[in-house]
Amino acid sequence: ADFKLDIPELVRPPHVLERVCGYLEEWVMERDRQGPDKRWANQPSNTPPSLDVYQFIWDRTRMIRKDFILQNYIGTGGNCNACAVRCHERIARWHAMSEHNLSHIAEFVTHQSQQNVAELGQTMKTLNNYYDDALGRSLKEEAVAGGGSVGDAQGCGSDIVMGNSPIDFDGTALSNNAQSSDVAKRIIGINGIDSPSHGTSEPEMRGLYILLTLNNEG
């Protein structure tokens, strides 16, 4: 609580924050479902517990959002670009999927579900501010120092999850083939930047926000 967050040299610029999102997606999000991990050799399952992976990512995505706030990335009335939009969309998807994938764990439902939904709501609120940006910047890339744009690979170096191919909770293998025909259609990854939407997905996210709002009202 007493840690000073607005130290200039510690605040990461948008394209770095997107690379952090990419790293979490490629290397961390499926870690609890990718089989034995030598770092957990002394644990019963030889894999990191799902709640530990969740908490690790939760801490880091929350700081990603804080770094954007410190740089006035708030949409209308503040900064906004496609990079900020993509990061928040990815974080929102992760919160939504966590709510579904961890619903079978009693500890998550009892102690963390409410907080997870609250963070999803805050992320979606920020996203809607981006989408409503008066200058229409939510689909625009920004140049970075040294040339190029922040969206060269949307923070991801690959279209697939790194390490062992992931499996679902019931043991079913999940699609993780870089050569599959749907790769070019993916929003996240090295191909999405070529889409007309620059890798963002406003209709999907606005729909999710409506569902979330209706659920809270009910």
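Here the structure is shown first, and the text comes after it.
Keep in mind that what you see is a predicted model, and the values were worked out from it rather than measured.

A.B. asks: I'm lost on helix α1 (residues 14–28) in this one. Help?
C.D. replies: Along an α-helix, a turn takes 3.6 residues, which lines up residues three or four apart on a common side. In this model, α1 (15 residues) spans 20 Å end to end at C-alpha, consistent with the 21 Å of a helix rising 1.5 Å per residue. Among the residues making up α1, those that are buried are P14, L17, E18, C21, G22, L24, E25, E26 and V28. Contacts from the buried residues of α1 go to α2 (50–70) and α3 (82–101).

A.B. asks: Please clarify how the packing of α2 against α3 should be interpreted in this entry.
C.D. replies: If you want to describe how two helices pack, look at the angle between their axes and the distance between the axes. Running from N to C, α2 and α3 point in directions that differ by 150°, and their axes come no closer than 11 Å. The angle between α2 and α3 falls in the class roughly antiparallel. The handedness of the crossing between α2 and α3 is left-handed. Contact residues: α2 offers Y54, I57, W58, T61, I64, R65 and F68, while α3 offers A84, C87, H88, I91, W94, H95 and S98. A per-class count over the contact of α2 with α3 returns nine nonpolar, four polar and one charged.

A.B. asks: Got a minute to help me understand the packing of α3 against helix α5 (residues 113–131) in this structure?
C.D. replies: The contact between α3 and α5 brings their axes to 9 Å, and the two run at 155°. As far as their axial angle goes, α5 and α3 are roughly antiparallel. As for the relative orientation of α3 and α5, their crossing is left-handed in sense. Residues A84, V85, H88, E89, I91, A92, H95, A96, S98 and E99 of α3 pack against S113, N116, V117, E119, L120, T123, M124, T126, L127, Y130 and Y131 of α5.

A.B. asks: Would you mind going over the packing of aromatic side chains with me for this structure?
C.D. replies: Each aromatic ring pair is described using two quantities: the centre-to-centre distance and the angle formed by the ring planes. Tallied over the full model, the rule gives three aromatic pairs. A centroid spacing of 5.4 Å and a plane angle of 85° characterise the contact between Y54 and F108, whose relative ring orientation is edge-to-face. Of this pair, Y54 sits in helix α2 while F108 sits in helix α4 (residues 106–111), and the two are 54 residues apart along the sequence. A relative accessible area of 2% means that Y54 is categorised as buried. The interplanar angle of 70° and the centroid separation of 5.5 Å between the aromatic rings of F68 and Y73 together place this pair among those described as edge-to-face. Relative accessible area serves as the criterion here: at 0%, F68 is assigned to the buried category. Three or more aromatic residues joined by ring pairs make a cluster, and in this case those are Y54, W94 and F108. The aromatic ring of F56 is capped on one face by R60, whose charged end is 3.6 Å from the ring centroid.

A.B. asks: Help me understand the environment of W94, please; the structure alone is not making it clear to me.
C.D. replies: You can see W94 is positioned in helix α3. Spatially, the C-alpha atom of W94 lies 9.2 Å from that of I57, the residues being 37 residues apart in sequence. Sequence-distant contacts of W94, that is, excluding residues within four places in its chain, are made with M29, Y54, I57, W58 and T61.

A.B. asks: Is there a simple way to explain the side chain of R31 in this structure?
C.D. replies: As for its position among the elements, R31 is in the loop between α1 and α2. Residues within four places of R31 in sequence aside, it is in contact with P36, D37, R39 and P48.

A.B. asks: Looking at this structure, how should I read α3?
C.D. replies: With 20 residues, α3 should reach 28 Å at 1.5 Å per residue; the first-to-last C-alpha distance of 28 Å fits that figure. In terms of burial, α3 is a largely internal element, 16 of the 20 residues being buried.

The rules we used
Residue numbering note: each chain is counted from 1, following its sequence as written. Per-residue local features of the predicted model are confined to residues with pLDDT of at least 70, and side-chain atom pairs are confined, for both listing and counting, to 80 or more; whole-chain, interface and lining totals are unaffected and use all residues. For side-chain calculations, the full set of non-hydrogen atoms in the structure is used, while hydrogens and water are omitted. The way it works is that DSSP assigns letters per residue, a run of H or I at least four long becomes a helix, a run of E at least two long becomes a strand, and they are numbered from the N terminus. Expected helix span is given by 1.5 Å per residue-to-residue step, counting one fewer step than there are residues. Buried, partly exposed and exposed residues are distinguished by accessible area as a fraction of the type maximum, computed with a 1.4 Å probe on protein chains only: under 20%, between the cut-offs, and over 50%, respectively. By definition in these notes, contact holds between two residues if any of their heavy atoms fall within 4.5 Å. Structural elements are reduced to axes, namely lines fitted to C-alpha atoms, with helices fitted over the stretch in contact, and the angle between N-to-C directions of any two is expressed from 0 to 180 degrees. Oblique is the label for every angle not falling under 35 degrees (roughly parallel), over 145 degrees (roughly antiparallel), or within 65 to 115 degrees (roughly perpendicular). Should the near helix be turned counterclockwise from the far one by less than a right angle, the crossing is left-handed, whereas a clockwise turn marks it as right-handed. Note on residue classes: Ala, Val, Leu, Ile, Met, Phe, Trp, Tyr, Cys and Pro are nonpolar, Asp, Glu, Lys and Arg are charged, and everything else, Gly too, is polar. Note on aromatic contacts: the rings of Phe and Tyr and the six-membered ring of Trp form a pair at centre separations within 6.5 Å, being stacked when their planes are under 30 degrees apart, edge-to-face when over 60 apart, and tilted otherwise. As a reminder, the over-ring test applies to NZ of lysine and CZ of arginine, requiring each to be within 6 Å of the ring centre and within 35 degrees of the ring normal.

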